[in-house]
Amino acid sequence: VNKHKPWIETTYHGIVTENDDKVLLDPPLIALDKDAPLRYAESFEVTLTEEGEICGFRIHGQNVPFEAVVLDKSTGEGVIRAKDKMDCELQKEHTFTIQAYDCGEGPDGANMKKSHKATVHIQVNDINEYSPTFKEKTYKATVLEGKKYDSILKVEAVDADCSFQFSQICNYEIVTPDVPFTVDKDGFIKNTEKLSYGKERMYKLTVTAYDCGKNRASEDVLVKISVKPTCKPSWQGFSKRIEYEPGTGSLGLFPSVHLETCDEPITSIQANVELETSHIGKGCDRDTYSEKSLHTLCGASSGTVELLPAPSSSANWTVGLPTDNGHDSDQVFEFNGTQAIKVPDGLVSTSLKEPFTISVWMRHGPGAHEKETILCNSDKTEMNRHHYSLYVHNCRLILLLRQEPSEAENYKPAEFHWKLDQVCDKEWHHYVLNVEFPTVALFVDGTMFEPFLVTEDYPLHASKLETQLTIGACWQDASGHENDSDFSPRLAGKGGNARMAQFFRGNLAGLMIRSGKLENKKVIDCLYTCKEGLDVQLPEEVTSAVKVEFNPSQSSLTVEGDDIDAFEKVMQHISYLNSRQFPTPGIRHLRISTTVKCFNGEPCVAVPDVEGYVMVLQPEEPKISLSGIDHFARSAAEFESQEGVTLFPELRIVSTITREVETDSESEVAAGADDDPTVQETVVSEEIMHNLDTCEVTVVGDQLDGEHESLELDVSQLQQRGLEMSASNLGLVVTAGVNSMANYEQLLHLIRYKNWHTEALFDRKFKLVCSELNGRYVSNDFKVEVNVIHTANPVEHANNAMMQPSFINPVHHASVDLSGHNLVNAHQASVVPSAATVVIVVCVSFLVFMIILGVFRIRAAHQRTMRDQESGKENEMDWDDSALTITVNPMETYEDQHSNDITSAESESSEDEEGAEREDQQGASRQQQLEWDDSTLTY
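About the criteria used
- Residues numbered from 1 in each chain as written.
- Predicted model: local features only at pLDDT ≥ 70, side-chain atom pairs only at ≥ 80, totals over all residues.
- Heavy atoms only, no water.
- UniProt positions renumbered as here; feature names shortened; annotations may be inferred.
- Helix = DSSP H or I, 4+ residues; strand = E, 2+ residues; numbered from the N terminus.
- Buried < 20%, exposed > 50% of the residue type's maximum accessible area, 1.4 Å probe, protein only.
- Contact = heavy atoms within 4.5 Å.
- Areas by Shrake-Rupley, 256 points an atom, 1.4 Å probe, with all protein chains shown as cover.
- Pairing = 2+ DSSP bridges.
- Core = buried A, V, L, I, M, F, W, Y, C linked by side-chain atoms within 4.5 Å.
- Domains from an automatic or database assignment.
- pLDDT = per-residue confidence, 0-100.
- Axes fitted to C-alpha atoms, helices over the stretch in contact; angles between N-to-C directions.
- Arc of directions from axis to C-beta.
- Polar contact = N/O pair within 3.5 Å; in protein donor to acceptor, adjacent residues only side chain to side chain.

- In the annotation of an unreviewed UniProt entry, the entry for the chain reads Calsyntenin-1, and the organism field reads Tetraodon nigroviridis.
- Turning to the chain, the UniProt record has this under Sequence similarities (unreviewed entry): "Belongs to the calsyntenin family."

So, in C-alpha cells, the structure goes:
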C-alpha cells in the first residue's frame, strides 16, 4: 500500500557553466520513500513500478530553462540540466521549485504521492568570451606648449562579460612607441615632458586595453593630442577655401569663427570684411545679357541703341575687335591704340536739341598725355569738325558738345570736364552721362559728379557735310595734316585721305546712346548693381550691441562692437550670395582686417589679417535643344500666297542639365559585393527653365532676294512680348529681349517665308540658333529644308500606249524622292515633267530596238514555213510580200487560239491575228503557228 510521500531536501544550490547544460547541485538530488527500501527515482514520466519507487520530478515556475531527470527510480537519484546552453550575459541566476512524486499503486499508478516543494538556486558561471571595447572611436585633446599636465584626457573601455573578473578593465597601454605620454590603469593620459609647438603640432597615439582575464581590446583606439602655441591673438576656425555651388542661395562664410584675444581687457572691436571681385566681369558678377537687354530689364526700353553689340549677322561692325573674358562673362572689347570701328550710318539719330543719354563701361589706366577717344561724331570729309565726342585726357573725362547753327551765334557750353581717379585706376567703372543742354550730369558707379570745368564755344557753321560716328578713335580727313602727330598713319576705310586719330587704349563694353529721354537714378542703380556680394542676417539679441555697415556694391562690410560674444555671432552670420542662375565661376578672395582697442582707447592687441577665398564652382551648363519638323514640302501656291509658309510650325525649345549624382557606397556593397566598387556616380539629366535673349534665323545658301522673297514676323506679336526684330538679306534676328523659352517658342512659330516667283525654286534651307546670356550658352543648329512642289498638266500623246502613265505607281510612302527633293506629304506628290520625259525616252528606245529585232525574226520564220509547205498549199493566190513590213509589239504575250485572256493593250493586234487564223482554218492543207526563236535573245 502506498502510504508515504516521497521526501527531498528543502533547498538546493547549483552551478552551471556558461555555454554548457550540466548543473552541479549541492546537495545531490535524491528522493526517499518509506514505502520501500531506499529507492530513488528521477523522471518526469510516470512508469508502472512497484510501490515506493520514484517516478519523476516536476519543476514549477514560468519559463524555467531547466529540466529534472530521474537516473534511478529505485534509489530516487536524479539530476537537473539546462534545456539549452546558458548565457550569463542574459541572466546570471535562476530560482525555481522542484517536487518529487512516486509511481503510485498498481499498474495504473493509483494513489500517487507527491513530496513537498523544494527551492533550487542555480548560478551561471561566466567565461571570458568578450574583449574590451572603447566607448569612443577617437579621443581628442588640446594642450598648451611648455606645460606639464597631471592628466590630459581619459580613455575608457568596457567589457560585456557578466562576471566581475572578466568584465573589469585591469590595464591600459600605449602601443605607439617613443611618444612623450603615459597612461595609467584607470585610462588617464599625461605627458612626460613639456611639449613644443615648433617640434610637433599634433601627436597621434594608439591605445589598447586588457580585462582581468588578459583579453586585449578587439580594436585599439586613436588618440589625437594637439599642441597649441603660446597664446597669440588671432582669428580661429577660419576656412581658407569656401566652395559655393551655384543656385544654393546664401552661404555662411565663417560659421565657426572665433577671435582669440588672450584674455586681454578689450573695450571695442572693429573688423572689415572685403570680398575681391574686380577680376570678375566688369568689377563683379552681373548678368551678361547684351547692354540693350539689360536696359530693357531695368526699365529703359525705348530709344536705346547699342553701339558695341556682340558680333552677329545683323550687327557685324564689331567683328574685327579683339574681345576679353569670353562668353563666361560680359562681352568686353579691347582697344590697344590701333583699332577703331565705324558705326553704320543711320543707326544713331541723335539731335542735340533733345535730351539724350550716353552710358558705357570703361577700364582705363594711366596713359600718354594724348587725347583718347571713346566716342566721336565728326565730318566725313573736308572740315574735320567734331560735332560731339567723349574722350579721356590726362585722367579727365571730357564731353565735347558743339551746338548746331542757330540764329543767335553766342558762346554756349561746349566742353564738360571731370577730374576723376576712376578714369585711370585700371578698374571697371560704369559711366552714365545725362545730357539736357546746357546741363550734363555724370554718374560714376551710381554716384553723381558735377563737372569741375565747363568751357564755351561758338556753334558750328552751317554745312551740308555728312558725319561719321566712330568708336575708339575719331574719323578725320587727313588732307593738310600729314605732319600732325594726332593723326595715325593707318588708313581706315576706302577713302584715301580719311584717317583715324586719337586712339583709345583700354577696355570698353556696353556703349549705349538713348535718345529723347534721360536715365533716372533707379535705372542707373539697376544697371550697376552686382549680382553677388556679402550679406548678413543679424540675430535679434545682438542688433543693439553690434553695428554693421556695407559699401554700395556690398563687396565689403564693417562690423563694430564692444561685446566679443555678440561680435563673434555677427561674424558667424556673414554670408556670400550670388543671385545669378549661371554665375561666373572662379575665385573671389576674402580678407578680414581687425582692430582691437583696450581701456586706454589705443590698439592693444595686434590681430593679424586673415585671407581666404570663395570658389564659385562651375554651374551645370544647360543644353538648349531645338527640335521639330526639319524637312517638308509645300505647293508653290502657298509660297506665293499672302500668308506664306510657316517655317517652324512644331518647334520645341527644351533646356536640360546633366548632373552626376553620388550613390551610397554602403548600399552598393549591400546590394552586391561583386559589383564594381569604383562606379559610385550616376548621370542624371533633368529639364530646367531659364530665359533666352536671342534667336537668329539665317538662310543656308544664297542670300534672300528682296525683290521676290522675304522672312516675315508679325510686329504686334513682338511688341506684346517686349521683343525686337532686325532683318537683313541673311535672315532675321529676334533680340533685345530677355524672355522665357515659351515666349520665344510661340514667336518662332509665327515666322513665315514668302516667295513671289517660284518657277525656278525647288528648295530653300534655313538655320535657327537660340542663345542665352549674350551667347554664353548656344543651342544646336536646327536646320529646316522646304521643298517647292510644282504641279504639271498631263500631255496628250498619239500613241495609245502613252495615254495612261502606267509606269508611275501610286505613292503610298511617307516620302518619295522626286528630282532630289523629299516630299513629306504624300497627297501633295505629283509628276515632275523632267523625270517623266527621261523615263519615256528610255522606254521608247528600248521598244524600237525590240521591234526591229522581232521583224527580222518573224520574216525568217515565215519564209522557212512557206518553203516547207509549198507542195500542199492551194495556189489560189500568191502573196508578194517582198515589200511588206510587219510590225509586232515584242512586249505582248502571244496566246494560243484557246486562250481567252487578251489584254486591252493587245486588242487590235490580237483581232488581226485571229482573222488570219480563221482564214487558215478554212484551208484544209494550210495551218501554221507563229513561234519565237529566242535562243539568242538576251534578257
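### Some points on the overall build of the chain
- In terms of regular secondary structure, the chain is built from 10 helices and 64 strands.
- The proportion of buried residues among the 939 residues of the chain is 41%.
- Of the contacts formed within the chain by residues at least 6 apart in sequence, a portion of 70% connects residues at least 24 apart.
- On the chain, roughly 51,400 Å² of surface is accessible, and the fraction owed to carbon and sulfur atoms is 48%.

### A look at the side chain of S556
- Structurally, S556 can be placed in strand β43 (residues 556–561).
- Setting aside anything within four residues of it in sequence, one finds S556 in contact with N272, V273, E274, L534, E549, F550 and N551.

### Notes on the pairing of strand β30 (residues 396–401)
- Within β30, five of the six residues are buried, which leaves it mostly tucked inside the rest of the structure.
- In this sheet, β30 lies alongside strand β29 (residues 386–393) in antiparallel orientation, the contact comprising six bridges. Paired with V392 across the two strands is L397, which belongs to β30.
- From the end of β29 to the start of β30, which pair antiparallel, there are two residues, and N394 there has a positive phi angle of about 55°.
- The sheet contact formed by β30 and strand β31 (residues 412–419) spans five bridges and is antiparallel.

### Examining the sheet that holds strand β15 (residues 188–191)
- Pairing within the open sheet is antiparallel, and its three strands lie in the order β11-β15-β14. Pairing within the sheet leaves two strands with one partner each, and these edge strands are β11 (153–154) and β14 (181–183).
- The pairing of β11 with β15 spans two bridges and is antiparallel. From the neighbouring strand, K154 faces β15, where its bridge partner is F188.

### Quick notes on the nonpolar core
- Core analysis: the largest hydrophobic core is formed by 47 residues, its most contacted members being F648, I653, L711, I751 and L768.
- The two domains that each donate at least three residues to this core are domain 4 (291–478 + 498–528) and domain 5 (622–661 + 683–789).
- Excluding residues within four positions of it along the chain, L768 makes contact with L626, F648, L651, C695, E696, V697, L748, N780, D781 and F782.

### Re the pairing of strand β16 (residues 202–211)
- Direction of pairing for strand β13 (residues 169–174) relative to β16: antiparallel, over a ladder of five bridges. Bridging from a neighbouring strand, N171 pairs with Y210 of β16.
- In this structure, β16 lies alongside strand β17 (residues 221–228), joined through six bridges in antiparallel fashion. Bridging across to β17, T206 finds its partner in L222.

### What about the confidence of the model for the chain?
- With 77% of its residues at a pLDDT of 70 or more, the chain has an overall mean of 77.
- Mean pLDDT across the elements of the chain ranges from a minimum in strand β63 (residues 816–818), with 34, to a maximum in β14, with 94.
- Counting interchain partners and residues more than four positions distant, the pLDDT-below-50 stretch residues 480–497 has 28 contacts.

### Here's the deal with the sheet that holds strand β8 (residues 118–125)
- Ordered in space as β2-β1-β8-β7-β4, the five strands form an open sheet in which the pairing is mixed. The open sheet is flanked by β2 (23–26) and β4 (54–60), the only strands paired with a single partner. Put simply, the sheet's adjacent strands are angled 30° from each other on average, direction ignored.
- Sheet topology places strand β1 (residues 11–17) next to β8; seven bridges connect them, and they run parallel. Its bridge partner being in β8, T11 is matched across the sheet by T119.

### A few points about helix α3 (residues 521–528)
- Within the span of α3, buried status applies to V523, I524, L527 and Y528. With its buried residues spanning 130° around the axis, α3 presents them on a single face.
- Two to three positions downstream of the cap, the backbone nitrogen of K522 sits 3.2 Å from a side-chain oxygen, assigning the N-cap of α3 to N520.

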